[in-house]
Amino acid sequence: MTSPPVALSTASVYPEPAAAAFELAAELGYDGVELMVWTDPVSQDVGAVQRLAERHGVPVLAVHAPCLAVTQRVWGSDPVTRIRRSVAAAERFGARTVVLHPPFRWQRRYAAVFADEVARAGERADVRLAVENMFPVARGRFRTVPYAPGFDPTEVGHHFYTLDLSHTAASGSDPLAMLDRMGDGLVHLHLTDGSGAPRDEHLVPGRGTQPCAEVCERLATERFAREGVVVVEVSTRRCRNREQRTALLAESLVYARLHLVASSPAVLPGPHRAPVPQPAPHA
């Protein structure tokens, strides 16, 4: 059975620019990249990104819309315009998925139209808008939820979802239960890890407390291999040089490949399973 494609988030090479992600993805054998559109000027230039993809032979498999706090002016100040530009970029790249965060609470007008805009934008293009689970923000002993209406998009209900395992760690959520709630709407995985501390750590998978291996194994299905993408989104900003960064990204890719293999390939996924012939016992 074919495994899901594994892409490298351009955020994983920060503080190096997006161009470095294409170089490393090609060097290490990733299937593509997820483009994080943010303050790096190249990430905002669709033509420049397309040239990088062609030069390195590494396709853009997903676009992460500019919805971080630091990217509120990237591609304009209107968040709906940013969604539409992200969809247009994904169409040009041939990417099937745009990753979105829920609105911030202070974006009241945007929050009021977010669900409808996400559904409508997806209808106009062959692109899935996959809303990502987030996490509360801790300030001392207090935790606040900066997203409207909350950090768990399954409580609202969308057609498509992104599951981020660093965010489940930071929020104290059960990632397997969230995976079940997302169901067939789960089309995108940010493969990463967290210790359970109330902050977004984006550890290399396997170095934290999240059941990264089990999540991967549960996504090792024909449906997800056909429709989904696994994206390594880890923090390498403390690496002192390219060699250290490359080692972490190589380790993450090996982890993904190892666990994105069905543990029981003779058993077909889905409700109707054919019986598996058993060998006769030895005398």
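Since this is a predicted model, take the numbers as computed values, not measurements.

**Here's the deal with the environment of Ala250**
And step 1. With respect to the helices, strands and loops of the structure, Ala250 is situated in helix 10 (residues 242-259).
And step 2. Residue Ala250 is classed as partly exposed on the basis of its relative accessible area of 27%.
And step 3. In this structure the C-alpha to C-alpha distance between Ala250 and Gly208, which are 42 residues apart in sequence, comes to 17 Å.

**Considerations on the side chain of Thr154**
And step 1. Examined against the element boundaries, Thr154 turns out to sit in the loop between strand 7 (142-144) and strand 8 (160-164).
And step 2. Side-chain polar atoms of Thr154 contact the side chain of Asp152, separated by 2.7 Å.
And step 3. When sequence neighbours within four positions are dropped, the list of residues in contact with Thr154 reads Tyr161, Arg181 and Met182.

**Re the layout of surface pockets**
And step 1. In this structure, the largest pocket encloses a volume near 1300 Å³.
And step 2. Residue composition of the lining of the largest pocket, by class: 18 nonpolar, eight polar and 10 charged.

**Structural notes on the environment of His158**
And step 1. Residue placement: His158 occurs in the loop between strand 7 and strand 8.
And step 2. Each C-alpha atom, one on His158 and one on His190, is 18 Å from the other, the two residues being 32 residues apart in sequence.
And step 3. His158 has contacts with Phe114, Ala115, Val131 and Pro153, leaving out every residue within four places of it along the chain.

**Topic: helix 3 (residues 46-56)**
And step 1. For helix 3, the complete set of buried residues consists of Val46, Gly47, Ala48, Val49, Gln50, Leu52 and Ala53.
And step 2. Where helix 3 is buried, its residues contact helix 1 (18-28), strand 2 (32-36), helix 2 (41-44), strand 3 (60-64) and helix 4 (79-93).
And step 3. Directly after helix 3, the chain includes Gly57, whose backbone phi takes a positive value near 65 degrees.

**Remarks on the confidence of the model for the protein chain**
And step 1. Mean pLDDT over the protein chain: 91, with 92% of residues reaching 70 or higher.
And step 2. Every residue in residues 264-283 is under pLDDT 50, and counting partners more than four places away or in other chains gives seven contacts.

**Here's the deal with the sheet that holds strand 1 (residues 6-9)**
And step 1. With respect to topology, eight strands assemble into a closed barrel ordered 1-2-3-4-5-8-9-10, the strand pairing being parallel. Pairwise comparison of adjacent strand axes, ignoring direction, gives a mean angle of 30 degrees for this sheet.
And step 2. Where strand 1 meets strand 2, three bridges bridge the pair, whose relative direction is parallel. Directly across from Ser9, in strand 2, lies its bridge partner Glu34.

Conventions we followed
Along each chain, residue indices are assigned from 1 in the same order as the chain's sequence is written. Totals for whole chains, interfaces and linings use every residue, but because this is a predicted model, local features are given only for residues with pLDDT of at least 70 and side-chain atom pairs only at 80 or more, for both listing and counting. The basis for every side-chain value is the complete set of heavy atoms in the structure, and neither hydrogens nor water enter the calculation. Strands here are runs of E lasting at least two residues and helices are runs of H or I lasting at least four, both read from the DSSP assignment and numbered beginning at the N terminus. Exposed residues in this analysis have more than 50% of their type's maximum accessible area, buried residues have under 20%, and partly exposed residues fall in between, with area computed by a 1.4 Å probe over protein chains only. Polar contacts here mean pairs of N or O atoms no more than 3.5 Å apart (in protein, one a potential hydrogen donor and the other a potential acceptor; neighbouring residues in sequence count only if both atoms are side-chain atoms). Residues count as neighbours in contact if any of their non-hydrogen atoms are within 4.5 Å of one another. Space inside and on the surface of the protein is sampled on a 1 Å grid over the protein atoms alone, with a cavity defined as a set of points where a 1.4 Å probe fits but cannot get out and a pocket as an open set with protein on both sides within 12 Å along at least 5 of 7 lines; lining residues have an atom within 4 Å of a point. Grid points are joined across faces, edges and corners, and a volume is the space filled by probe spheres set on the points. As a working rule, the residues Ala, Val, Leu, Ile, Met, Phe, Trp, Tyr, Cys and Pro are called nonpolar, Asp, Glu, Lys and Arg charged, and the rest polar, with Gly in that last group. For every residue, the pLDDT score states the predictor's confidence, bounded by 0 at the bottom and 100 at the top. At least two DSSP bridges between two strands are required for those strands to pair. Here the axes come from fitting lines to C-alpha atoms, over the contacting stretch only for helices, and the angles between their N-to-C directions go from 0 to 180 degrees.

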